[in-house]
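Working through the structure, step by step
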Amino acid sequence: MASVPSLASSVNQRVADALASALPEAGGADPLLRRSDRADFQANGILALAKKAKANPRELATTVVEGIATGELIREIEVSGPGFLNITITDRAIVETLAARAGDDRLGVPLAANPGTTVIDYAQPNVAKEMHVGHLRSAVIGAAMVEILEFTGEKVVRRHHIGDWGTQFGMLIQYLMEHPHELDHKSDEEVSGEEAMSNLNRLYKASRGLFDSDEEFKTRARARVVDLQAGDAETLALWQRFVDESKIYFYSVFNKLDMDIQDQDVVGESGYNDMLVETCKLLEESGVAVRSNGALCVFFDDVKGPDGNPTPLIVQKSDGGFGYAATDLSAIRNRVVDLGATELIYVVDARQSLHFKMVFETARRAGWLGDGVKAVQLAFGTVLGKDGKPFKTREGETVRLVDLLDEAVDRATAVVREKDKERGLLTEQEIVENGLQVGIGAVKYADLSTSAARDYKFDLDQMVSLTGDTSVYLQYAYARIKSILRNAGDRSPVAHPELELAPAERALGLHLDHFGELIDEAAAEHAPHKVAAYLYQLASLFTTFYTECPVVKPEPELVVGENRLFLCDLTARTLSKGMSLLGIRTPEKL
Ligand code: ARG
C-alpha cells in the first residue's frame, strides 16, 4: 500500500513554503488552494494574509510566485486580480500521479494519520413492527458512513439500536401465553421474512383487539409488563420469541437491500437494561437530574413547551419505569467507556433531534461525554410521495418497505431488459441479476445523492432513469468502460507521462486525483452525498473525454491509445470503489 499525495496537496505545499519565506509571520498559513476554471488551481489565501500583515497583496503574490520553481510539477504560475495565484500543472505530473494511484489497491488514498473509534447507531427498526421508509434511510445512510469511515482507517463499531423493549410487549406476551402455539414453526420449514412479519402482524392485531375490548385481559397484560421488567424467566422467554421472529423479518429486508448486518452488532434497547438504575442514580446524585412530581427529570434553559414552561428530559417516570432517554444515556456510557468511542454518530430521523440534543447535553453535564468525544445526530429528512406529502399508500397507511424494494427491482429489470434488446449482450440470468443490482442501487442512490437532512421524493420513474443523476447512469458508465477495455484488442492500458494531454483528459485526470480528498471531506462532514456528487461528475467528465478523445475508433496512435485506455481503467476503478462505499454494485456487463 503506497499512499500518493494529491496534486493539490503537493502544489499547496510549494505555495505554503514560498509564502513562508516571503512573509515569515505567515509561516504555516494555508494558501487556500481550490480547483479553478481559469487554471487548474487558484490560491485565494494570500489576499487576507497580506492585509493582516499590512503588506500589498499583489506585491506579496508576486514575491511568492518568484519563489516557486516551475518545471516538473508546475507549468505556469501567475498573479491574477488583486492577489490571487493561477496555477497550471504539467501534463507529466498529472499522468505520473495517476500512474502511482493505479499501482495501489486503495488508489493511493492515504489512511488517516490519527484514526479514532466511531460507534455508529443505524438500521434500528422496532420489534413486532413493519419496517418503513425511515428505517430504509437510516440503514442506507448509516451503511455508507460505515464504509466511508472504514476506508479512511477509522475503527468503526456498528450498533443497531432496535426497539425491543417497552410496555407494548406486555400485551403481546400475555396474548402468546394464552395462545401458546401462535408463533410455532414447523421444524422442517424455514420461515420467510414475509411470513414472520405476517405472524407478528396477526399477533399484534389480535392482542390489540383484546386489549381494547377486554378489561380483564388489559389488567393481565399490564401485570405482564411488571413481570417482564422484573426479569421473570417465562415472560422473558416469550419476549425473546418476538425478538427472534422479528429478526427473521429484519434480516430478510437487509438481505434484500444487499446489506450485511451482523447479529453481534444488534444491541437493542433491552441491551442496556442492567445499566438503567445506575444511570439514574448517577444523574440524581450529581444533581444533573432532579425529582419533579415523582419523575426524574433534566431541565434545559432553552427547551420549552408551547405553554412556555420548560420541557424536561424524563429519565425515569413517576411509576418507576424507564424510557427511551434512560436507555440512550446508558448506551452512551457503554459506548464511551466500554467501547472506547471517540465519536458517536446516530443516524436517526430529524424528528428526533430534540431528544438527541437533550440526551447529549445531559451526558455532557454528567461527564460521560468529555471534550475528547464528539456526539452527532446524522439527522435525515422525511421521504415524500410524488405529491410532496409524507410517503403513504393511497389508503393512508405506511408503505411496506419490502413492496417498494420489489417494485424498484421489477422496474429496473424492465429497464435493463429493454436496453439490452438493442444489443443482445446479456443472458436471461444476467438480466435478472443486473435488475437486482440496478433496482436496489437506484433506491440507495436516490437516498444518498441529496444531503441527508433534506426531504426527498420517492419517485421510482426518476430513480431508474438512464439519464440524469441516478445510480443506473453511473452503473452504465462503469459497464461501458469495462466493455471498451474488453474490446481494445491487443492494446492495453499503459500510462505515458511524456504525452501532451487534451483538455478533456486533463479535466478527467485532475478529478480522478481528487478522490482521496473528497473521501476525507465526506468522512469528516458525514456527507455521503458528496461521494455521490463526485461520482456523477466523474461519469460526466468521462463522457466528455470519450466524446472528444478517440480511444479505440478511430484508432489513435499506439501510445495515445494506451494512455487513454489507462485513463478509462482508472476511471472504472474509481467509479466502482466509490459506488461500493455507497453500498451499490457495479455489474461488469450491463
Ligand atoms: N428504533 C427507533 C425508531 O424506529 C430508532 C432508534 C434510534 N437510535 C437510538 N439510539 N435512539 O425510531
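Treat the numbers as computed from the prediction; the structure is a model and nothing was measured. (Residues numbered from 1 in each chain as written. Predicted model: local features only at pLDDT ≥ 70, side-chain atom pairs only at ≥ 80, totals over all residues.)

**Considering the sheet that holds strand β8 (residues 295-298)**
Within a sheet, each strand pairs with its neighbour through backbone hydrogen bonds, oriented either parallel or antiparallel. Let me state the cut-off plainly: A strand pair is defined by DSSP finding two or more bridges across the two strands. Numbering of helices and strands runs from the N terminus, with a helix taken as a DSSP run of H or I at least four residues long and a strand as a DSSP run of E at least two residues long. As a rule, the C-alpha atoms of each element are fitted with a line to give its axis, helices using only the stretch in contact, and angles between N-to-C directions run from 0 to 180 degrees.
Judged by pairing direction, the sheet is antiparallel, and its three strands sit side by side in the order β7-β8-β9 without closing on themselves. Sheet topology places β7 (290-292) and β9 (313-316) at the edges, where each strand pairs with a single neighbour. When strand polarity is set aside, the average angle formed by the axes of neighbouring strands in this sheet is 50°. Here β8 runs beside β9; their pairing, made up of three bridges, is antiparallel. Pairing of Cys297 across the sheet is with Ile314, part of β9.

**Brief notes about the environment of Lys386**
Inclusion rule: Our exposure labels follow a C-beta count within 10 Å of each residue's own C-beta, placed from the backbone: buried means 20 or more other C-beta atoms, exposed means 12 or fewer, and partly exposed covers the counts in between. Contacts are defined on C-beta atoms placed from the backbone: any two residues whose C-beta positions lie within 7 Å are in contact.
With respect to the element layout, Lys386 can be found in the loop between β12 (383-384) and α13 (401-421). For Lys386, a count of 12 C-beta atoms within 10 Å puts it in the exposed group. Along the sequence, Lys386 and Lys457 sit 71 residues apart, while their C-alpha atoms lie 5.9 Å from each other. Discounting chain neighbours no more than four positions away, the residues touching Lys386 are Lys457 and Asp459.

**Considering the site of the ligand**
To keep it simple, the criterion reads: Proximity of a residue to a molecule or strand is defined by its backbone-placed C-beta atom lying within 6 Å of that partner. Classification used: nonpolar for Ala, Val, Leu, Ile, Met, Phe, Trp, Tyr, Cys and Pro, charged for Asp, Glu, Lys and Arg, polar for all others including Gly.
Taken together, Asp121, Gln124, Asn126, His161, Gly163, Asp328, Tyr346 and Val348 form the complete shell of residues around the ligand. Of the residues in the shell around the ligand, the class split is two nonpolar, four polar and two charged.

**Considering the pairing of strand β5 (residues 117-121)**
Side-chain positions along a regular strand alternate between the two faces of the sheet. The line we're drawing: Crossovers are described as right-handed under a simple rule: with the strands pointing away from the observer, the path leading from the first strand over the helix to the second runs clockwise.
Within β5, four of the five residues are buried, leaving the element largely enclosed by the surrounding structure. Relative to strand β6 (residues 155-159), β5 runs parallel, the two being bridged by five bridges. For Ile120, the partnering residue across the bridge sits in β6 and is Arg158. Crossover β5 to β6 through helix α5 (residues 133-151) is right-handed. In this structure, β5 lies alongside strand β10 (residues 343-349), joined through four bridges in parallel fashion. Counterpart to Ile120 in the pairing with β10 is Ile345.

**A word on the UniProt feature "domain: Arginyl tRNA synthetase N-terminal" (unreviewed entry) in the protein chain**
The line we're drawing: UniProt positions are given in the numbering used here, feature names are shortened, and annotations may be inferred rather than shown by experiment.
The feature "domain: Arginyl tRNA synthetase N-terminal" (unreviewed entry), as given by UniProt, occupies residues 9-89 in the numbering adopted here. The span residues 9-89 shows a helical share of 38% and a strand share of 23%, and its end C-alpha atoms are spaced 12 Å apart.

**Brief notes about helix α8 (residues 215-230)**
Defined as follows: Take the residue count of a helix, subtract one, and multiply by 1.5 Å to get its expected span. Working definition: the arc comes from the directions between the helix axis and the C-beta atoms, pointing outward to the latter.
Taking 1.5 Å per residue as the helical rise, α8 with its 16 residues ought to reach 22 Å, and the 23 Å between its terminal C-alpha atoms agrees with that figure. Those residues of α8 that fall on the buried side of the exposure criterion are Ala221, Arg224 and Leu228. Looking straight down α8, one finds that the buried residues subtend no more than 55° of arc, so they occupy a single side. Across α8 from its buried face, at more than 90 degrees, point the exposed residues Glu215, Glu216, Thr219, Ala223 and Ala230. Buried positions along α8 lie against α6 (168-178), α7 (193-213) and α9 (233-256). Positive backbone phi, approximately 80°, marks Gly231, located one or two places after α8.

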